Amino acid sequence: MERSFDWFKQALRDLEHAKRSLEAEDYEWACFASHQSAEKAVKALHYHFKQEAWGHSISRGSTLRTLYGKSGKGGNRLCR
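One numbering rule holds for all chains: residues counted from 1, following each sequence as written. Local features in this predicted model are restricted to residues whose pLDDT is 70 or higher, and side-chain atom pairs enter the listing and the counts only when it is 80 or higher, whereas totals over whole chains, interfaces and linings include all residues. Computation of side-chain values covers all heavy atoms of the structure but excludes hydrogens and water.

A.B. asks: A description of the overall build of the protein chain should follow, citing residues and the corresponding values.
C.D. replies: Secondary structure summary: the protein chain contains three helices and zero strands in total. The helix and strand sequence of the protein chain, counted from the amino end, reads α-α-α. Exposure categories follow from relative accessible area, calculated using a 1.4 Å probe and restricted to protein chains: below 20% of the type maximum is buried, above 50% is exposed, and the middle band is partly exposed. Residues classed as buried in the protein chain amount to 32% of the 80 residues present. Contacts are assigned to residue pairs that have any heavy atoms within 4.5 Å of one another. Counting only contacts in the protein chain whose residues sit at least 6 apart along the sequence, the fraction spanning at least 24 positions is 40%. In these tables, accessible area is a Shrake-Rupley quantity obtained with a 1.4 Å probe, and a residue counts as shielded only by the protein chains included in the view. Surface exposure of the protein chain reaches about 5800 Å², of which carbon and sulfur atoms provide 58%. Starting at the N terminus, helices and strands are each numbered in turn, a helix being any DSSP run of H or I of at least four residues and a strand any DSSP run of E of at least two.

A.B. asks: Talk me through unusual backbone geometry; I want residue IDs and the actual numbers.
C.D. replies: Despite not being glycine, Glu25 shows a phi value in the positive range, around 60 degrees. Mapped onto the elements, Glu25 comes out in the loop between α1 (4-23) and α2 (27-48). Taking relative accessible area as the criterion, Glu25 reaches 57% and is therefore assigned exposed. Despite not being glycine, Lys50 has its phi angle at roughly 60 degrees, a positive value. By the element assignment, Lys50 lies in the loop between α2 and α3 (63-71). Residue Lys50 is classed as exposed on the basis of its relative accessible area of 66%.

This is the structure we're talking about:
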């Protein structure tokens with residue numbers, strides 16, 4: 001079952017939560033929600049490219065370079 005779009009939608013919801021927390025000057029929660037959003041967005045990309053996605057994906061050094069290389073010059077199709 002393809003779940004990349006589900007993870008991407010959740011990443012967007014977490015990002016909106018982070019923005020609301022920032023506006024409320026709740027900086028700790030803004031940071032936490034931003035980090036969660038980033039991890040879920042990277043996980044969505046892993047699933048989109050049929051890669052294993054578990055744990056804290058954004059903490060791996062070469063993850064974004066690997067994903068960028070797989071997306072090609074056209075960028076990520078999830079954002080279209």
